[in-house]
Amino acid sequence: MTGETMVRLGLVGSMMAALLSGCAMVKEHVKQPEVDLRDVQVVAMSLADVQLAFDLDVRNPNPVGISMQDLSYRLELANKTFSNGTLGERLRIGANQQSRITLPLTLRYSDVLDSLTDLGGKDELDYRISGEAKFGLFAIPYSQSGSIPVPRLPDVSVQSLRVNGLSLSGAQLAVGLKVNNTNRFPIRFNGLDYQIKLGDASVLNGESTQPFAVEPNRTETLPLSLNLDYGQIAGLTQVLKQGGSLPVAFTGNLKIPGATSEVTLPYQWSGDVPFRR
């Protein structure tokens, strides 16, 4: 029998004896495990949410294996409790070994902020994560604070108006909606709804269910088609025939797919737009 085996048997014997004598003696013979939050990774990010992975290193300084029965957590973002619970995953750590456990969490910005438009004034969100890792008689606390990046909202504007056709009943217009993405990740949309007012014309409502995406640091133009009767655009007939420019007011909601559900991002824009035949 080796000397190392004799040491382990001796420790196990001491632990058994301590168990018979009381919990206080167990803690005298067993070293407390160590839990450190080592890294926070941004796994995926969108305008709707961010998927995070919190990596914790668990070290067992004892010459015999131990088991972690439970890991509790509490995540606070912008000084608000966002999520809490238990991972419910048992972890076996060998003698004098270290293991890593990953805690995955998805943050929906709408659960933390009053509106997605609040993202426009922030570059980061402060977080604090804390909890306990339970090893039988030991409950080891951990905590860490830091910040996570937030996405930049896209710039949305009306780039162009064009008359596709005139008839006795009205006009067919093509609207070019420009979407600029300054993020390092692509942004995706399930479509949008909108209200548009051309000059003094009546407000027109519409919807597009066409999915579209804008790659990182790129600008894309989404084409929209409008059909207007002359009752709606009585004051614009001359501009429609000759071209020029029009004051345009454009508002609506972009529909954004998220990891768990769809969210909406309101937008608005107004300005003069070149008008072409």
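Residues numbered from 1 in each chain as written. Predicted model: local features only at pLDDT ≥ 70, side-chain atom pairs only at ≥ 80, totals over all residues. Heavy atoms only, no water.

(A) Local environment of the sheet that holds strand β18 (residues 263–276). Taken in spatial order, the 7 strands make up an open sheet running β14-β13-β17-β18-β10-β11-β16, and their pairing is mixed. If you trace the sheet from one side to the other, it starts and ends with β14 (204–208) and β16 (218–229), each paired once. The sheet shows a mean angle of 25° between the axes of neighbouring strands, direction not considered. Both strand β10 (residues 155–166) and β18 contribute to a ladder of 2 bridges, which runs parallel. If you follow Leu161 over to β18, its bridge partner there is Phe275. (Pairing = 2+ DSSP bridges. Helix = DSSP H or I, 4+ residues; strand = E, 2+ residues; numbered from the N terminus. Axes fitted to C-alpha atoms, helices over the stretch in contact; angles between N-to-C directions.)

(B) Seen up close, the confidence of the model for the chain. In this model, the chain carries an average pLDDT of 83, and 84% of its residues clear a pLDDT of 70 or more. Taken element by element, the chain is modelled with least confidence in helix α1 (residues 3–21), mean pLDDT 48, and with most confidence in strand β15 (residues 212–214), mean pLDDT 95. Segment residues 16–22 is flagged for pLDDT under 50; beyond a separation of four residues in sequence, or across chains, it makes 4 contacts in the model. (pLDDT = per-residue confidence, 0-100. Contact = heavy atoms within 4.5 Å.)

(C) Quick look at the side chain of Ser208. Examined against the element boundaries, Ser208 turns out to sit in strand β14. Using a relative accessible area of 9% as the deciding quantity, one classes Ser208 as buried. Within the local environment of Ser208, its side chain forms a polar contact with the backbone nitrogen of Gln210, the two atoms lying 3.4 Å apart. If we skip the residues at most four places from it in the chain, Ser208 touches Asn190, Gly191, Leu192, Tyr194 and Leu224. (Buried < 20%, exposed > 50% of the residue type's maximum accessible area, 1.4 Å probe, protein only. Polar contact = N/O pair within 3.5 Å; in protein donor to acceptor, adjacent residues only side chain to side chain.)

(D) Spatial organisation of the nonpolar core. One finds Phe54, Tyr109, Phe135, Phe189, Leu192, Ile196 and Phe250 to be the most contacted residues of the largest nonpolar core, which totals 71 residues. Residues in contact with Ile196, not counting those within four places in the same chain, are Val175, Ser202, Val203, Leu204, Leu226, Val248, Ala249 and Phe250. (Core = buried A, V, L, I, M, F, W, Y, C linked by side-chain atoms within 4.5 Å.)

(E) Focus on the pairing of β10. Taken together, the 10 bridges between β10 and strand β11 (residues 170–181) define a ladder with antiparallel strand orientation. Note that in β11 the partner of Leu161 across the bridge is Val175. Counting the residues that bridge the hairpin from β10 to β11 gives 3 residues.

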